[in-house]
Amino acid sequence: MTAMTTALRLAPLFRSGGAQRPGAAALLPVASFAVVTALLLLVIAGARVFFSWDDELASTYQMLAVIALALLVVPLATVGASAAKMAARRRDDRLSSLRLLGASKATLGALTLIEAVTLSALGALGGVVLYAAAAPAVGLLAFRGEALGAGMWMPWWWAPLIAAAVVLLGALSALAGLRAVNVTPLGVRTRQRAAKSPWLRLLLGLGVVVLAVILVQLVPAFGEAGGVIMMMLALGTAFGAGLLALDLIGPWVLRVAARVQHRRAKDVESLVAARTILDDPKAVWRQVGGVAVTSFVGVFAAAGLAFSQAMASGEPGAGEQYLMVDISTGVLVTLAGSFLMVACSAGLNQAAATLDRGPVLVSMDRLGMPRKTMSAATARAMMSALWVVSGGSALCALLLVAPLIGMALFMQPLAVVTVVLVFAAGFLLIRGALFLAARLVPGILARPERVL
Amino acid sequence: MTNLLSVRGLGHTYPGAHAPALHSVDLEISRGESVAIMGASGSGKSTLLHALAGIIAPSAGHVLFHASTGPVQVDTLNDDERAKLRREELGFVFQQGLLLSELSALENVAVALMLSGSTRRDAEAAAAGWLADLGLAGLEDRRLGELSGGQVQRVAIARAHVTGAQLIFADEPTGALDSTTSTEVLDLLLHSVTQGRTLVVVTHDPDVAARCQRVVTLRDGSIVSDVAAANA
């Protein structure tokens, strides 16, 4: 009997076993897959409108649409991976029981795949409905002076195509997630990886930043030598290098900030929050890394907005004027979409971490720690990491755009204020997601024997 | 000896369970006593400890605790009030230690005091004193993963005592330890009884029970015997 046949026979039992788990643990992955599907459909529908144009400015719009799509890929993939990880947590005790009964790793893999496909398919279905509900509102967005309107409705076959892509993403992420945990007959534990030298990462990261800054300085030279394509290539490489530098330096920065916070901690909340980060800065980084990308994008967005507004204040033709306004709309939509996905990812990661920390929560409860303090300690760890990460990555991006945009950022304060407001809304969204994840705590404390 | 804990008609049924985990339990525990609660798995001994300690709210009956501030009807307290009672009046030692793995040994002990309003400096000073008394001087900054099972239980014992709790609850405190370390841990717990504290210990181990003054045995959620221990 193959592993898949066994898994297919066991899958219905899994479904019934899941009914007793905390509700949010099951709903969050489905909701996140729904958001991913809806956003993908909306973004692609919008991009299709751009690609239906064929005048002289059309290629600029199409290039910008591709950049926006590329910027959304990282947070999109993060949500997919987080949803899959969350789904893995949901079934962990049943997986370990099956392992105890002698189920092979292949059977567990097949079961994981079946459940991931089921959850992501349900989410994708919900996402199509969400897309249909949101399309009329998004259709009100105007580009080149005209609302997107009916352009937001795509041929029907796009829906199953995108849904299938999301299901594939869910399945692949679930399998990747399963590799990151040890399923033993005694339980499921996150696989511990040996910590690599933080100094090496720091040096590498700083090296990459220097290279990116040099590359940005050379952008005009690339433009002269190879035209717009070479210039865009150099900019894209500098952007990618900036993101790589963030990933290399991020955990180290978090560790340093948490050490300071730990030294200064006066109450239990800050002490536990600082220790949570110090315990595994890389794990915390993985939870908030999406914000780093979004903040990085945000500074580019502010620069783009300031630049477009500075250009619009001259006397451009009608086409150019629309382009500048449309860039503003585009960057804000991209930023909002990016934050929405980061919030989903943060909520999911926090929910998974809350389930992982079940025994610690029970311990704190028995010690008499007020539940408000428990939630506050967890939220503080995440939010302080978020501030450090967003501040650091914004600074990193500023280093890269300053030579290009320079004073335009400061000459157009409205652009900066707009982006700051989007950031504030994004942080509130993330805080809300963390609040929702904290709703799992009462369920864990009500049945402590499940986690001990 | 004066009464510390009075239990009348205590019962508890978990949501969805067909049979009660505890049924009509009556029990008196005096100040300075060491009481072992024994019974087979599922007999209700951990549920009894959880109800006595205000970890769960019982479905029926009354638990009266004579706290340092006066008598407290534990079964009528809400979640927050029970949490306050646990952090200010009670100490806990569990089989798995149930300490915070992120914190150092010193911080784990100090947290108990910080929750009651002590400053970090004072809390850590008091915690260091307790750790030294329990033979853990020099290990204050170690994380739990860097300590042996016996050392982790000593940290848990320090945490249970540092607030000045007069009633210590221990749930299988030696369950995960070898016999030599078990004896050492039990010695420490019983030593606190000689200093006027009260110990309620849930155990499967007859040797542990034999070292307490009283042994209460449960079967199917009811007390079937309550006798002085043979070695007491």
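The shown structure was predicted, so the numbers you read here are calculated from the model rather than taken from an experiment.

Structural notes on the overall build of chain B
Link 1 in the chain: From N to C terminus, chain B includes seven helices and 10 strands.
Link 2 in the chain: Burial analysis of chain B (232 residues in total) assigns 56% to the buried set.
Link 3 in the chain: In chain B, the proportion of contacts linking residues at least 24 apart, taken out of those at least 6 apart, comes to 67%.
Link 4 in the chain: Per element, the accessible surface of chain B, about 9,300 Å² overall, is 50% carbon and sulfur.

Describing the sheet that holds strand β8 (residues 198–202) of chain B
All names here are of chain B.
Link 1 in the chain: Strand order in the open sheet formed by six strands is β6-β7-β8-β3-β9-β10, with mixed pairing between adjacent strands. The strands lining the two open edges of the sheet, one partner per strand, are β6 (90–94) and β10 (222–228). In this sheet, adjacent strand axes meet at a mean angle of 15° when their direction is disregarded.
Link 2 in the chain: In the sheet, strand β3 (residues 34–39) pairs with strand β9 (residues 214–219) via five bridges, with the strands oriented parallel. Directly across from Gly39, in β9, lies its bridge partner Leu218.
Link 3 in the chain: In the packing of helix α1 (residues 45–52) onto the sheet, contacts are made with β3, β7 (167–171), β8 and β9, and the angle to β7 comes to roughly 155°.
Link 4 in the chain: Taken strand by strand, helix α2 (residues 79–89) contacts β6 and β7, and its axis lies near 85° from that of β6.

Topic: the interface of chain B and chain A
Link 1 in the chain: Across the boundary between the two partners, chain B contributes 25 residues, which contact 27 residues of chain A.
Link 2 in the chain: Both faces combined, the contact of chain B with chain A buries some 2,400 Å², and carbon together with sulfur accounts for 58% of it.
Link 3 in the chain: Of all residues in chain B, the largest losses of buried area upon contact with chain A belong to Leu98(B), Glu102(B) and Arg120(B), amounting jointly to 26% of the total for that side.
Link 4 in the chain: The interface formed by chain B and chain A includes four salt bridges.
Link 5 in the chain: In this structure, Arg86(B) engages Asp365(A) in a salt bridge whose closest nitrogen and oxygen atoms are separated by 3.3 Å.
Link 6 in the chain: Linking chain B with chain A are nine residue pairs in polar contact (both at pLDDT 80 or more), by the criterion used here.
Link 7 in the chain: Those elements that place two or more of their residues in the side of chain B that touches chain A are α2, β6 and α3 (105–114) of chain B.
Link 8 in the chain: Looking at the side of chain B that touches chain A residue by residue, the classes come out as 13 nonpolar, four polar and eight charged.

Quick look at α2(B)
Helical geometry: 3.6 residues make up each α-helical turn, so side chains three or four residues apart lie on a common side.
Link 1 in the chain: Residues Arg82(B), Ala83(B), Leu85(B), Arg86(B), Arg87(B) and Glu89(B) constitute the buried set of α2(B).
Link 2 in the chain: Contacts from the buried residues of α2(B) go to α12 (358–366) of chain A together with β4 (60–67), β6 and β7 of chain B.
Link 3 in the chain: Capping of α2(B) at its N-terminal end is provided by Asn78(B); its side-chain oxygen lies 3.1 Å from the backbone amide nitrogen of Asp80(B).

With respect to helix α6 (residues 179–194) of chain B
All names here are of chain B.
Link 1 in the chain: Taking 1.5 Å as the rise per residue, α6 with 16 residues should run 22 Å; its terminal C-alpha atoms sit 22 Å apart, in good agreement.
Link 2 in the chain: On its buried side, α6 packs onto β3, β6, α5 (149–162), β7, β8 and α7 (206–210).
Link 3 in the chain: Two or three places before Thr180, at the start of α6, stands the capping residue Asp178, its side-chain oxygen 3.1 Å from that residue's backbone nitrogen.
Link 4 in the chain: Positioned one or two residues after α6, Gly196 has a phi angle of 100°, which is positive.

So, the environment of Leu177(B)
All names here are of chain B.
Link 1 in the chain: Note that Leu177 resides in the loop between β7 and α6.
Link 2 in the chain: Spatially, the C-alpha atom of Leu177 lies 6.7 Å from that of Gly150, the residues being 27 residues apart in sequence.
Link 3 in the chain: If near-sequence neighbours (up to four positions away) are discounted, Leu177 is found in contact with Gly149, Gly150, Gln153, Ser182 and Val185.

A few points about the environment of Ala425(A)
Link 1 in the chain: You can see Ala425(A) is positioned in helix α15 (residues 413–438).
Link 2 in the chain: Separated by 89 residues in the primary sequence, Ala425(A) and Ala336(A) place their C-alpha atoms 8.7 Å from one another.

Brief notes about a positive patch on the surface
All names here are of chain A.
Link 1 in the chain: A cluster of basic residues, Arg259, Arg263, Arg264 and Lys266, forms a positive patch on the protein surface.
Link 2 in the chain: Mapping Lys266 onto the fold places it in the loop between α8 (219–264) and α9 (268–279).
Link 3 in the chain: Exposure remark for Lys266: the relative accessible area of 69% places this residue in the exposed category.

Focus on the sheet that holds strand β1 (residues 3–12) of chain B
All names here are of chain B.
Link 1 in the chain: As summarised here, the arrangement of the four strands in space is β2-β1-β4-β5, forming an open sheet in which the pairing is antiparallel. Here the strands that pair on one side only, and so sit at the sheet edges, are β2 (22–30) and β5 (70–73). Averaged over all neighbouring strand pairs, the angle between strand axes comes to 15°, with direction disregarded.
Link 2 in the chain: As paired strands, β1 and β2 are joined by six bridges and run antiparallel to one another. In the sheet register, Val7 faces β2, and the bridge partner there is Leu27.
Link 3 in the chain: The strands that α1 touches are β1, β2 and β4; relative to β2, the one it contacts most, it runs at about 60°.

Here's the deal with the confidence of the model for chain A
Residue and element names in this part refer to chain A.
Link 1 in the chain: Across chain A, the average pLDDT comes to 76, with 77% of residues at 70 or higher.
Link 2 in the chain: Across chain A, α9 holds the top mean pLDDT of 89, while strand β4 (residues 187–190) sits lowest at 53.
Link 3 in the chain: Low pLDDT, under 50, characterises residues 16–22; the predicted model gives this stretch 11 contacts beyond four residues in sequence or across chains.

Here's the deal with the packing of aromatic side chains
Link 1 in the chain: As enumerated under the stated definition, the model contains nine aromatic pairs over all chains in all.
Link 2 in the chain: Seen in terms of ring centroids, Tyr131(A) and Trp153(A) are 5.9 Å apart; in terms of plane orientation they differ by 70°. Their pairing is edge-to-face. Here Tyr131(A), found in helix α5 (residues 105–138), pairs with Trp153(A), found in the loop between β2 (146–147) and α6 (158–179); they are 22 residues apart in sequence, far enough to count as distant.
Link 3 in the chain: Among the residues examined, Tyr131(A) registers a relative accessible area of 7% and is labelled buried.
Link 4 in the chain: Owing to a relative accessible area of 45%, Trp153(A) belongs among the partly exposed residues under this scheme.
Link 5 in the chain: Sitting over the ring of Trp53(A), Arg144(A) keeps its end group 4.5 Å from the ring centre.
Link 6 in the chain: The ring of Phe94(B) has Arg366(A) sitting right over it, with the charged end atom 4.8 Å from the ring centre.

Concerning the packing of helix α4 (residues 120–133) of chain B against α5(B)
Residues and elements named next belong to chain B.
Link 1 in the chain: Taken N-terminus to C-terminus, the directions of α4 and α5 make an angle of 130°; their axes are 9 Å apart at the nearest point. Considered as vectors, α4 and α5 are oriented oblique to each other. The two elements α4 and α5 cross, and the hand of that crossing is right-handed. On α5, the residues touching Ala126, Ala127, Trp130 and Leu131 of α4 are Val155, Ala158, His161 and Val162.
Link 2 in the chain: In the contact of α4 with α5, the residues fall into seven nonpolar, one polar and no charged.

Rules used in this analysis
- Residues numbered from 1 in each chain as written.
- Chains lettered and ligands numbered in written order.
- Predicted model: local features only at pLDDT ≥ 70, side-chain atom pairs only at ≥ 80, totals over all residues.
- Heavy atoms only, no water.
- Helix = DSSP H or I, 4+ residues; strand = E, 2+ residues; numbered from the N terminus.
- Buried < 20%, exposed > 50% of the residue type's maximum accessible area, 1.4 Å probe, protein only.
- Contact = heavy atoms within 4.5 Å.
- Areas by Shrake-Rupley, 256 points an atom, 1.4 Å probe, with all protein chains shown as cover.
- Pairing = 2+ DSSP bridges.
- Axes fitted to C-alpha atoms, helices over the stretch in contact; angles between N-to-C directions.
- Buried area = accessible area lost by both parts, 1.4 Å probe.
- Salt bridge = Lys/Arg side-chain N within 4 Å of Asp/Glu carboxyl O.
- Polar contact = N/O pair within 3.5 Å; in protein donor to acceptor, adjacent residues only side chain to side chain.
- Nonpolar A, V, L, I, M, F, W, Y, C, P; charged D, E, K, R; others polar.
- Expected span 1.5 Å × (residues − 1).
- Patch = residues over 30% accessible without salt bridge, like charges linked within 9 Å, V, L, I, M, F, W, Y side chains within 5 Å.
- Lys, Arg positive; Asp, Glu negative; His and termini not counted.
- Charge placed at Lys NZ, Arg CZ, Asp CG, Glu CD.
- pLDDT = per-residue confidence, 0-100.
- Phe/Tyr/Trp six-rings, centres within 6.5 Å; stacked < 30°, edge-to-face > 60°.
- Lys NZ or Arg CZ within 6 Å of the ring centre and 35° of its normal.
- Parallel < 35°, antiparallel > 145°, perpendicular 65-115°, else oblique.
- Left-handed = near helix turned anticlockwise from the far one by under 90°.

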